[in-house]
Every structure is written in C-alpha cells, then in structure tokens.
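Residues per chain are reported as follows:
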Amino acid sequence: MDRKKMIERLNDLIQLDVDAVEAYRQVIKHLEYDDICRRLRDFQDDHQAHIQKLRSLVMQLDGRPIEAKPDFKGYLLEGFTMLMSASGSLGAMEAMKANEVITNRNYEKAAALPWPDDIKSVILDNYSQEERHLNYINDIITIPRHPLR
Ligand SMILES: [Fe+2]
Ligand SMILES: [Fe+2]
C-alpha cells in the first residue's frame, strides 16, 4: 500500500471511531442502568484512545489527521435514530449493537490490508477491543432475564 492510501485508510478509521464516540454519548444518555453505563463509558474511552493512536500513525506517515466530526452515513444514521427513539434502554442497546457491527466490519477489512508491522499491530489491537465491545453488547441484549428486557 502506498503512503497516500495508508493515510486515507487511517483517516477512514478515525472517522469511524469519532462516530462511535458520538453513538456512545447518545446511547449512554438513554440508558437507565448504571452498571451498563459504566462499561459503555469505558468503551467510549477505548474509542478515544483509538482516535489518538490513529492520529499519531497518520502524523508518523507525514499525513494530516482529519478533523473528524460525527457524520453517520446513510442507513446507519436512519437505523440508529429510529432505534434510539423506539424503545428506551433496549432500543438504545440495539442501536449501539448496529453501530458496533459496522465498526467491527470496517476494522476487520482494514486489518486485512498489507500494512507495515507497527501500523498493523495498532489496528489489530483496536480491532480486538472492538470485538470485546460487540460481545459485551450482544451478551446484554441476549441475556433472557436481564432487566433491560
Ligand atoms: Fe474504536
Ligand atoms: Fe467499539
């Protein structure tokens, strides 16, 4: 991959993580369970850390990190907004799940690209945290007797 392509891909991931931080902010507002909120705040912090690490990589490549603002694209925006307004805490968690599925899919794609080792290890690291986020949310949504239901 040439330098320009790498910078572009890294900036795409920054945008994705910025969207995730905003999604968590909205979801946390709608959740009534402190224990879950605490976990989600940790996940939000993970995404902030991803953004910082990705920005450093872009600068290391002599690129300019994008000044990303939340910018949910297409169906994600619609689906997310719809779910958020639908049904309280469970709707909020379903919306967050949809967001994390997309985040995970994009990290998976990014991880498959031919990066230099140091960049690859950051991306794999971030990706493994994304998997953890999605697993937790899936667990909460599917536990039959969780008060969320
Ligand atoms: Fe992230
Ligand atoms: Fe995540």
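The rules behind each value
- Counting from 1, residues in each chain are numbered in the order their sequence is written.
- Chain letters and ligand numbers both follow the written order, the letters beginning at A and the numbers at 1.
- Per-residue local features are limited, in this predicted model, to residues with pLDDT of at least 70; the limit for side-chain atom pairs, both in listing and counting, is 80 or more; totals at the level of whole chains, interfaces and linings are taken over all residues.
- Elements are defined by DSSP. Helices are runs of H or I of four residues or more, strands are runs of E of two residues or more, and each kind is numbered from the N terminus.
- Buried residues are those with 20 or more other C-beta atoms within 10 Å of their own C-beta, exposed residues have 12 or fewer, and partly exposed residues lie in between; C-beta atoms are placed from the backbone.
- By the criterion used throughout, residues are in contact when their C-beta atoms, derived from the backbone, lie within 7 Å.
- Between N-to-C directions, angles cover 0 to 180 degrees, with each direction set by a line fitted to C-alpha atoms, over the stretch in contact for helices.
- Roughly parallel means an angle under 35 degrees; roughly antiparallel means over 145; roughly perpendicular covers 65 to 115; every other angle is labelled oblique.
- Whether a crossing is left-handed or right-handed is set by the direction in which the near helix is turned from the far one by less than a right angle, anticlockwise for left-handed and clockwise for right-handed.
- In the scheme used here, Gly and all other residues not listed as nonpolar or charged are polar, with Ala, Val, Leu, Ile, Met, Phe, Trp, Tyr, Cys and Pro taken as nonpolar and Asp, Glu, Lys and Arg as charged.
- Confidence scores here are pLDDT values: one per residue, from the predictor, ranging 0 to 100.
- Expected helix span is computed as 1.5 Å times (number of residues minus one).
- As used throughout, a nonpolar core is a set of buried Ala, Val, Leu, Ile, Met, Phe, Trp, Tyr and Cys residues joined through C-beta atoms within 7 Å of each other.

Visitor: Honestly, the overall build of the protein in this entry has me stumped. Any pointers?
Guide: Helices and strands together make up the secondary structure of the protein, namely five helices and zero strands. Seen in sequence order, the protein has helices and strands lined up from the N terminus as α-α-α-α-α. When the 149 residues of the protein are sorted by exposure, 29% land in the buried category. When contacts within the protein are restricted to residue pairs at least 6 apart in sequence, those whose partners lie at least 24 apart make up 71%.

Visitor: What is the right way to read the environment of Glu32 from this model?
Guide: Counting through the fold element by element, Glu32 comes out in the loop between helix H1 (3–30) and helix H2 (34–60). Distance from Glu32 to Leu148, taken between C-alpha atoms, is 8.8 Å for residues 116 residues apart in sequence.

Visitor: Could you clarify how one ought to interpret the environment of Ile140 in this entry?
Guide: Following the sequence through the fold, Ile140 ends up in helix H5 (residues 117–142). Ile140 gets classed as buried once you count the C-beta atoms within 10 Å, which come to 21. Sequence-wise, Ile140 and Leu90 are 50 residues apart; in three dimensions their C-alpha atoms are separated by 9.3 Å. In this view, Ile140 contacts Ile36, Met93, His146 and Leu148; residues no more than four positions away in its chain are not counted.

Visitor: Explain unusual backbone geometry to me, please; I cannot follow it from the model alone.
Guide: Note: most residues except glycine have negative phi, and most peptide bonds are trans. Despite not being glycine, Asp62 has its phi angle at roughly 65°, a positive value. Following the sequence through the fold, Asp62 ends up in the loop between H2 and helix H3 (74–86).

Visitor: Explain the packing of helix H4 (residues 88–111) against H5 to me, please; I cannot follow it from the model alone.
Guide: Helix packing for two helices is described by the angle between their axes and how far apart those axes are. Running from amino to carboxyl end, H4 crosses H5 at an angle of 155°, the nearest separation of the two axes being 9 Å. Classified by the angle between their axes, H4 and H5 sit roughly antiparallel to one another. As H4 runs across H5, the sense of the crossing is left-handed. Taking contact as the criterion, the partners of Met93, Glu94, Met96, Lys97, Glu100, Val101, Thr103, Asn104, Tyr107, Glu108, Ala110 and Ala111 in H4 are, on H5, Ile123, Leu124, Asn126, Tyr127, Glu130, Glu131, His133, Leu134, Ile137, Asn138, Ile140 and Ile141. In the contact of H4 with H5, the residues fall into 13 nonpolar, five polar and six charged.

Visitor: What's the story with the confidence of the model for the protein in this structure? I'm lost.
Guide: One rule of thumb: low pLDDT means the predicted coordinates there are not for detailed reading. Residues with a pLDDT of 70 or more make up 89% of the protein, whose mean pLDDT is 90. Summarising per-element confidence for the protein, the mean pLDDT is lowest in H3 (63) and highest in H2 (97).

Visitor: What am I meant to see in the packing of H2 against H5 here?
Guide: At their nearest, the axes of H2 and H5 sit 11 Å apart, and the two run at 165° to each other. Judged on the interaxial angle alone, H5 and H2 are roughly antiparallel. You can see that H2 and H5 cross each other, and the crossing is left-handed. In contact with Ile36, Arg39, Phe43, Asp46, His50, Lys53 and Leu57 of H2, H5 contributes Ile119, Val122, Asn126, Gln129, His133, Tyr136 and Ile140.

Visitor: Help me out: how do you make sense of H5 in this one?
Guide: Owing to its 3.6 residues per turn, the α-helix brings residues three or four apart onto one side. Taking 1.5 Å of rise per residue, 26 residues should cover 38 Å, and H5 covers 37 Å from first to last C-alpha, within 8% of that figure. When H5 is considered as a whole, its buried residues turn out to be Ile119, Ile123, Asn126, Glu130, His133, Ile137 and Ile140. Where H5 is buried, its residues meet H2 and H4.

Visitor: Hey, could you run me through the nonpolar core in this one?
Guide: One recurring pattern in soluble globular proteins: nonpolar side chains tend to sit buried together. Counting residues in each nonpolar core, the largest one holds 29 residues, and the members touching the most others are Leu10, Ile14, Val27, Leu54 and Met96. Counting residues per element, this core draws most heavily on H1, which supplies ten residues. The contacts of Met96, once residues within four sequence positions are left out, are Ala23, Val27 and Ile137.

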